[in-house]
Amino acid sequence: MKFAFNLFAGVLAVAAVLSLSGTNAPASAQTAPSPSEAADYTGLHRAAHLGDADAITRLAVEGADLDARDVAGRTPAHVAGFASHENALRALASAGADMNL
């Protein structure tokens, strides 16, 4: 019983340390961009926010980073998803964006 308690306490301690370390980008990426953040978007992030699939395709052909992250860690696919632009998500996926980020 004592071993099980010590193991449990150790697991909790490790979990606490891990939760306090690292960056906040993954958690931030899980929040929608604010209106001011969206207004500042350029390139693929802007095209994704606006749902402009043609611009996404053009930018991808020009070599834009399909998995670029904004200051909060959001990719263009995150932005398109928050804006509910299925056409932009399809264009990003077709162009080769990592849809698992």
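This text follows the structure it describes.
Below: a short report on this structure. (Residues numbered from 1 in each chain as written. Predicted model: local features only at pLDDT ≥ 70, side-chain atom pairs only at ≥ 80, totals over all residues. Heavy atoms only, no water.)

**Things to note about the pattern of salt bridges**
The cut-off we apply is this: In what follows, salt bridge is the name for a side-chain nitrogen of Lys or Arg lying within 4 Å of a carboxyl oxygen of Asp or Glu. Throughout this description, buried means an accessible area under 20% of the type-specific maximum (1.4 Å probe, protein chains only), exposed means over 50%, and partly exposed covers the range between.
This structure, assessed with the given rule, holds 4 salt bridges. Between Glu 62 and Arg 58 there is a salt bridge, with its nearest N and O atoms 3.5 Å apart. Residue classification places Glu 62 among the exposed positions, given a relative accessible area of 55%. Owing to a relative accessible area of 45%, Arg 58 belongs among the partly exposed residues under this scheme.

**Side note on the packing of helix H4 (residues 43-50) against helix H5 (residues 53-61)**
Definition in use: Orientation is described by axes fitted as lines to C-alpha atoms, over the contacting stretch for helices, and by angles from 0 to 180 degrees between their N-to-C directions. Under the scheme used here, helices are H or I runs from DSSP no shorter than 4 residues and strands are E runs no shorter than 2 residues, and both carry numbers assigned from the N terminus. Oblique is the label for any angle not under 35 degrees, not over 145, and not in the 65 to 115 range, which are roughly parallel, roughly antiparallel and roughly perpendicular in turn. By definition, any crossing whose near helix is turned counterclockwise from its far helix by less than a right angle is left-handed, and any crossing with a clockwise turn is right-handed. In this analysis, two residues are considered to be in contact whenever any of their non-hydrogen atoms come within 4.5 Å of each other. Only Asp, Glu, Lys and Arg are considered charged in this grouping, and only Ala, Val, Leu, Ile, Met, Phe, Trp, Tyr, Cys and Pro are considered nonpolar; every other residue, Gly among them, is considered polar.
Here H4 crosses H5 at 160°, and the two axes come no closer than 8 Å. Taken together, the axis directions place H4 and H5 in an arrangement best described as roughly antiparallel. Considering only the axes of H4 and H5, their crossing is left-handed. Contact residues: Gly 43, Leu 44, Ala 47 and Ala 48 in H4; Ala 55, Ile 56 and Leu 59 in H5. Of the residues assigned to the contact of H4 with H5, the class counts are 6 nonpolar, 1 polar and no charged.

**What to know about H4**
The following threshold applies: In this description, the arc belongs to the directions extending from the helix axis to the C-beta atoms.
Along H4, the positions that sit buried rather than exposed are Leu 44, His 45, Ala 47 and Ala 48. Seen end-on, H4 carries its buried residues on one side only, within an arc spanning 165°. Tucked into the core, H4 has its buried residues touching H5, helix H6 (76-82) and helix H7 (86-95). Once H4 ends, the next one or two residues include Gly 51, with phi positive near 75°.

**Regarding the side chain of Arg 74**
Rules: We define a polar contact as two N or O atoms separated by no more than 3.5 Å, with the added condition that, inside protein, one atom must be a possible hydrogen donor and the other a possible acceptor, whereas residues neighbouring each other in sequence contribute only through side-chain atom pairs.
Looking at the element boundaries, Arg 74 is found in the loop between H5 and H6. For Arg 74, a relative accessible area of 1% gives the class buried. A polar atom in the side chain of Arg 74 sits 2.9 Å from the side chain of Glu 37. When near neighbours in sequence (up to four residues on either side) are disregarded, Arg 74 contacts Ser 28, Ala 29, Thr 31, Ala 32, Pro 33, Glu 37, Tyr 41, His 45, Ala 68, Arg 69, Val 79 and Phe 82.

**Considerations on the environment of Asp 52**
Mapped onto the secondary structure, Asp 52 falls in the loop between H4 and H5. Asp 52 sits 36 residues away from Ala 88 along the chain, and the two C-alpha atoms are 6.2 Å apart. Within polar-contact distance, the side chain of Asp 52 engages the backbone nitrogen of Ala 55 at 3.0 Å.

**Observations regarding unusual backbone geometry**
Here the phi dihedral of Ser 84 falls at roughly 60°; this positive angle occurs in a residue that is not glycine. As for its placement among the helices and strands, Ser 84 is situated in the loop between H6 and H7.

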